[in-house]
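This is what each chain is made of:
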Amino acid sequence: MTAMPHLKNALIVATMSAVVSLAHAEEKHKFGKAAMTGEQTYKAVCVTCHGEGLAGAPKAGNRRAWAPLIAEGYNDLVGSALTGVRMMPPKGGAPELYDIEVARAVVYMVSLAGGQFPEPTEANLKAARLDGEKRHAARLKTAAASRR
Ligand code: HEC
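Since this is a predicted model, take the numbers as computed values, not measurements. (Residues numbered from 1 in each chain as written. Predicted model: local features only at pLDDT ≥ 70, side-chain atom pairs only at ≥ 80, totals over all residues. Heavy atoms only, no water.)

Draft legend 1. Here's a closer look at the coordination of the iron atom of the ligand. The coordination sphere of the iron atom of the ligand contains the protein donors His50 (NE2) and Met88 (SD), at a distance range of 2.0 to 2.1 Å. Metal-centred angles of 86 to 179° between the 6 donor atoms at the iron atom of the ligand mark the site as octahedral. Here His50, found in helix H2 (residues 38-50), pairs with Met88, found in the loop between helix H4 (74-83) and helix H5 (99-112); they are 38 residues apart in sequence, far enough to count as distant. Take His50: its relative accessible area is 9%, and that puts it in the buried class. Here Met88 falls in the partly exposed class, since its relative accessible area comes to 24%. (Donors = N, O, S within 2.8 Å, 3.2 Å for Na, K, Ca; no water. Tetrahedral: all angles 85-135°; square planar, octahedral: opposite > 155°, others 65-115°. Helix = DSSP H or I, 4+ residues; strand = E, 2+ residues; numbered from the N terminus. Buried < 20%, exposed > 50% of the residue type's maximum accessible area, 1.4 Å probe, protein only.)

Printed below as a string of structure tokens:
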């Protein structure tokens with residue numbers, strides 16, 4: 001891969017993240033402090049990229065794109081959604097989201113693609129976040145080593 005498309009993608013994601021945060025600020029006003037459902041979270045934040053597959057995001061409802069991801073399991077997907085992976089910013093670029101809202105949105109998108117994940121609980125959320133943080137730490141280590 002050349003550097004240019006990569007840079008373009010990064011710019012798109014940065015711009016979209018800003019837009020997402022603004023959109024979400026309005027949503028938060030509407031929903032108060034109560035945690036949103038998966039569908040509400042999806043419509044407030046995730047749809048920006050996952051609606052049309054922006055920057056390589058797996059498109060919501062696309063079974064072929066989601067099948068291999070669903071196979072990776074709850075911890076992998078929810079962990080990545082919480083801590084970020086490649087062009088996917090942590091919490092989709094909306095840090096004000098509760099962990100449970102992000103997890104519910106993952107469960108919702110998985111269901112749109114014909115899969116079924118368990119509803120988030122305090123215990124499985126904790127495990128998923130730990131999993132994501134471990135993988136994130138490993139990526140930082142690899143990146144640092146490649147610059148030595
Ligand atoms: C700014 C754009 C953007 C937003 C907003 C966004 N995503 Fe993503 N998402 C991506 C991209 C890009 C990928 C593909 C990452 C990759 O595999 O390279 C991705 C991948 C994912 C994956 C698969 C992770 C894996 O393990 O491969 C999940 C799950 C996910 N997003 C959930 C969410 C949820 C939930 C939200 C809303 C809270 C959200 N995303 C909002 C861009 C976005």
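Continuing now.
Draft legend 2. Region of the structure containing the packing of aromatic side chains. Summed over the entire model, instances satisfying the criterion amount to 2 aromatic pairs. With a centroid separation of 5.5 Å and an interplanar angle of 50°, the aromatic rings of Tyr42 and Tyr108 are classed as tilted. Here Tyr42, found in helix H2, pairs with Tyr108, found in helix H5; they are 66 residues apart in sequence, far enough to count as distant. With respect to class, Tyr42 is no different from Tyr108; both count as buried. With a centroid separation of 5.8 Å and 65° between ring planes, the pair formed by Tyr74 and Phe117 is classed as edge-to-face. With Tyr74 in helix H4 and Phe117 in the loop between H5 and helix H6 (122-145), this residue pair connects regions lying 43 residues apart in the sequence. Each member of the pair, Tyr74 as well as Phe117, carries the same accessibility label: buried. (Phe/Tyr/Trp six-rings, centres within 6.5 Å; stacked < 30°, edge-to-face > 60°.)

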